[in-house]
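Report on the structure
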Amino acid sequence: MPDVALQASGLSKQFISGGEPVPVFCGVSLLLKAGESLALMGRSGSGKSTLLNLLCGLERPDEGEIWVGGHRVGAAGDSPKEQPGQWAGLRRQSLGVVFQDANLMPALTLLQNVRLRASLAGQPDGQGPEWLNRLGLAGLEHRYPDQVSGGQRQRAALAMVFAMQPEVILADEPTGSLDRHTADEVADQLFRLRQETGCALVLATHDPELAARCGQRLDLAHPGRQSDCQ
Ligand SMILES: Nc1ncnc2c1ncn2[C@@H]1O[C@H](COP(=O)(O)OP(=O)(O)OP(=O)(O)O)[C@@H](O)[C@H]1O
């Protein structure tokens, strides 16, 4: 695994709403080595999800560059024709993305979801039961996502992402919809497995306790950040 897992430099993004530009953030930079973790903090609407979308290629930056595993993969001026395939390959193999919801395919069991994700990443799918077991889901392998609780779905989504053995996990409020006790359990499993596997982690969260478990913190609500945007 390369030493620098994820790097971004000078990222800026604005949307157009009602014909008017709406700046979200400007000049955002970050650097994560293998095994490091970063909490993305900021009030609602400060751009946490938007930044995660840039870091996994679902949105393009207006300015700035992104490197994954030492390779420059995204820059503001890149041809849109070249980028989708490159980013899709990274999301298949190197970038494990955990969104707030809609991570699991509803027509597949938890085990089938984990196996599919592992095999798409070129990893052994025979370890699916083990990943589910490590996330505390033994016995639920053959249930469908709508037959388990929200916390169990979040754990299955994490099992799926760890089964990819990615270089980087990007997680958007992975415990946001859970009660405190379940959120703590899911967070414990997330950080334990992150440490074991050595992947880097970027975590968008409103939860200061969860953020405190990350080695680095980036606050998108920092005063002046949006007013810096021209
Ligand atoms: N496709 C879009 N078109 C226009 N504006 C958008 C679009 N997507 C996001 N925005 C705006 O960009 C800003 C940042 O949104 P984003 O979802 O990244 O914030 P967030 O920090 O993740 O919020 P939350 O904590 O509520 O999830 C918001 O003002 C939002 O309304």
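Taking an unreviewed UniProt entry as the reference, the chain is identified by name as ABC transporter ATP-binding protein belonging to Marinobacter suaedae.

Here we take up the overall build of the chain. Tallying secondary structure elements over the chain gives seven helices and nine strands in all. In the chain, 70% of the contacts between residues at least 6 apart in sequence involve partners at least 24 apart. Taken as a whole, the chain presents about 10,500 Å² of accessible surface, with 47% of it coming from carbon and sulfur.

Let us look at the site of the ligand. Close contacts around the ligand come from F15, V24, R43, S44, G45, S46, G47, K48, S49, T50, E173 and H206, and that covers them all. Contact between the ligand and G47: an oxygen atom at 3.0 Å from a main-chain N or O atom of the residue. With respect to the ligand, the side chain of T50 contributes an N or O atom lying 2.5 Å from an oxygen atom. It is helix α1 (residues 48-55) that provides the largest number of residues to the shell around the ligand, a total of three residues.

Attention shifts here to the environment of D219. With respect to the helices and strands, the residue D219 is situated in strand β9 (residues 216-219). As a C-alpha pair, D219 and R43 span 176 residues in sequence and 9.0 Å in three-dimensional space.

Okay, α1 next. A large share of α1 lies buried, amounting to seven of its eight residues. Of the residues making up α1, those classed as buried are K48, T50, L51, L52, N53, L54 and L55.

Right, let's talk about the environment of L111 for a bit. Along the chain, L111 falls in helix α3 (residues 110-120). A relative accessible area of 7% places L111 in the buried class. Along the chain, L111 and H142 lie 31 residues apart, while their C-alpha atoms are 6.3 Å from each other. Each residue touching L111, except ones within four places of it in the same chain, is listed here: G128, P129, L132, E141 and H142.

Turning to the pattern of salt bridges, a few remarks are in order. Pairs can form between side chains of opposite charge whenever their charged atoms are close. The final tally for this structure, using the stated rule, is 11 salt bridges. One salt bridge connects K13 with E59, and the closest N-O pair in it is separated by 3.8 Å. Of this pair, K13 sits in strand β1 (residues 4-17) while E59 sits in the loop between α1 and β4 (63-68); the two residues are 46 residues apart in sequence, bridging distant segments of the chain. For K13, a relative accessible area of 9% corresponds to the buried category. Residue classification places E59 among the partly exposed residues on the basis of a relative accessible area of 27%. Counted as one network, the salt bridges with shared partners bring together E130, R134, R192 and E196.

On to a nonpolar patch on the surface, then. A cluster of nonpolar residues, M105, L116 and L120, forms a patch on the protein surface that exposes about 260 Å² of accessible area. Here L116 lies in helix α3. On the basis of relative accessibility, which here comes to 34%, the residue L116 falls in the partly exposed class.

The subject of this paragraph is unusual backbone geometry. We note that Q165 has phi near 55 degrees; this positive angle belongs to a residue other than glycine. Along the polypeptide, Q165 turns up in the loop between α5 (150-163) and β7 (168-172). The backbone of E173 shows a phi angle near 45 degrees, a positive value even though the residue is not glycine. Mapped onto the fold, E173 is located in the loop between β7 and α6 (180-197). Since its relative accessible area comes to 17%, E173 is described here as buried.

Procedures and definitions
- Residues numbered from 1 in each chain as written.
- Predicted model: local features only at pLDDT ≥ 70, side-chain atom pairs only at ≥ 80, totals over all residues.
- Heavy atoms only, no water.
- Helix = DSSP H or I, 4+ residues; strand = E, 2+ residues; numbered from the N terminus.
- Contact = heavy atoms within 4.5 Å.
- Areas by Shrake-Rupley, 256 points an atom, 1.4 Å probe, with all protein chains shown as cover.
- Near = heavy atom within 4 Å.
- Polar contact = N/O pair within 3.5 Å; in protein donor to acceptor, adjacent residues only side chain to side chain.
- Buried < 20%, exposed > 50% of the residue type's maximum accessible area, 1.4 Å probe, protein only.
- Salt bridge = Lys/Arg side-chain N within 4 Å of Asp/Glu carboxyl O.
- Patch = residues over 30% accessible without salt bridge, like charges linked within 9 Å, V, L, I, M, F, W, Y side chains within 5 Å.

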